[in-house]
Every structure is written in C-alpha cells, then in structure tokens.
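# Structural description and commentary
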Amino acid sequence: MGQGFLHDARFVKIDFLALGCFSLVEECVEVVARSSGTPPDLSALFNDTAVYDRICAGDTVGMFRIESRAQMQMIRRTRPAVWTTSPVEVAIVRPGPIVGGAVNP
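Residues numbered from 1 in each chain as written. Predicted model: local features only at pLDDT ≥ 70, side-chain atom pairs only at ≥ 80, totals over all residues. Heavy atoms only, no water.

Take the overall build of the protein chain next. Secondary structure assignment for the protein chain yields six helices and zero strands. Buried residues in the protein chain amount to 15% of all 105 residues. Across the protein chain, every contact between residues at least 6 apart in sequence was considered, and the portion connecting residues at least 24 apart equals 27%. On the protein chain, roughly 8100 Å² of surface is accessible, and the fraction owed to carbon and sulfur atoms is 62%. (Helix = DSSP H or I, 4+ residues; strand = E, 2+ residues; numbered from the N terminus. Buried < 20%, exposed > 50% of the residue type's maximum accessible area, 1.4 Å probe, protein only. Contact = heavy atoms within 4.5 Å. Areas by Shrake-Rupley, 256 points an atom, 1.4 Å probe, with all protein chains shown as cover.)

Dropping the structure here:
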C-alpha cells in the first residue's frame, strides 16, 4: 500500500465541506453588486497587504479554513505574505497530518 489506501484503491477524495460558506460569499457579492452597480473583484484580495497584515496578526475569525485557534497560532508563526502559502499551512494544521505523525503539533 504505497501512498495510502485511497491511492492504491484508485479512489478520488473530494472535500465538500463549507459549501454554505461559498454560497454566503456569492450572496455578499450579489448584494454589493446591487448596491454599488458593480461586483467586487475578489481576486484583488489575494494581493492586498492589509488582508495579510490582519491574517498575520491572527485576526482570522470568520475566515474560512483559518479561523481555528490552531490555525491562528500557526499563522502568527509562519506569517504568510502570499496566497500560495495558505493551502500548505492549512494542510499542515489539519488533523490528518498531526494524527498521522507527519507534523509535530
């Protein structure tokens, strides 16, 4: 069993968590578009230093996937400055790597 049961069995794992969160984001975009006439450019958040300053300060309540205490502690230590580091940081803190012994909590 090389890389794990799912890989060896040729299963595909798809994570459908927090679809409600994405629906809420879509609804917010629609509300802003109705009130301002144009939808906000969410991609601009990926390059907004003020967003990363708040994240690095641990001010992540309500931010999908990074609002737990464990995520806040990790973020304060790693201080991500670009979006591409976030999925790695989230993956490390998730219970799977910790329980599997791949990461020391």
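Among all positions in helix 4 (residues 69–78), only Gln71, Met72, Met74 and Ile75 are buried. Angularly, the buried residues of helix 4 cover 165° about the axis, an arc narrow enough to put them on a single face. In helix 4, the exposed positions that point more than 90 degrees away from the buried face belong to Arg69 and Arg77. Two residues or fewer past helix 4, Arg79 is found with a positive phi of approximately 45°. (Arc of directions from axis to C-beta.)

Further remarks concern the nonpolar core. In terms of nonpolar packing, the biggest core is built from five residues, these being Tyr52, Ile55, Ile66, Ile75 and Val90. Apart from the residues lying within four places of it in its own chain, the contact partners of Ile55 are Thr60, Met63, Ile66, Ile75 and Pro80. (Core = buried A, V, L, I, M, F, W, Y, C linked by side-chain atoms within 4.5 Å.)

In the contact formed by helix 4 and helix 5 (residues 86–93), the axes pass within 10 Å of each other and the chain directions differ by 130°. It follows from the interaxial angle that helix 4 and helix 5 lie oblique. Like other packed secondary-structure pairs, helix 4 and helix 5 cross with a definite hand, here right-handed. Residue-level inspection shows Ala70, Gln71, Met74, Ile75 and Thr78 of helix 4 in contact with helix 5, the latter providing Glu89, Val90, Ile92 and Val93. (Axes fitted to C-alpha atoms, helices over the stretch in contact; angles between N-to-C directions. Parallel < 35°, antiparallel > 145°, perpendicular 65-115°, else oblique. Left-handed = near helix turned anticlockwise from the far one by under 90°.)

Scanning the entire structure with this criterion turns up one salt bridge. With a shortest N-O distance of 2.8 Å, Arg54 and Asp59 are connected by a salt bridge. Residue classification places Arg54 among the partly exposed positions, given a relative accessible area of 48%. (Salt bridge = Lys/Arg side-chain N within 4 Å of Asp/Glu carboxyl O.)

What follows concerns the layout of surface pockets. A water-sized probe, rolled over the atoms, reveals where empty space remains. Size it by volume and the largest pocket reaches roughly 970 Å³. Along the walls of the largest pocket sit 21 residues, with Leu45, Phe46, Met63, Phe64 and Ile66 positioned nearest its centre. Counting residues per element, the ones that place at least two in the lining of the largest pocket are helix 2 (19–36), helix 3 (49–56) and helix 5. A per-element tally of the lining of the largest pocket places helix 2 first, with five residues. (1 Å grid on protein atoms, 1.4 Å probe; cavity = no way out; pocket = protein on both sides within 12 Å on 5 of 7 lines; lining within 4 Å. Points joined across faces, edges and corners; volume = space filled by probe spheres on them.)

What follows deals with helix 3. Among the residues of helix 3, Tyr52, Ile55 and Cys56 are the ones counted as buried. All buried residues of helix 3 lie within an arc of 95° about the axis, which places them on one face of the element. Where helix 3 is buried, its residues meet helix 4. Of the residues flanking the end of helix 3, it is Gly58, one or two places downstream, whose phi is positive at about 85°.

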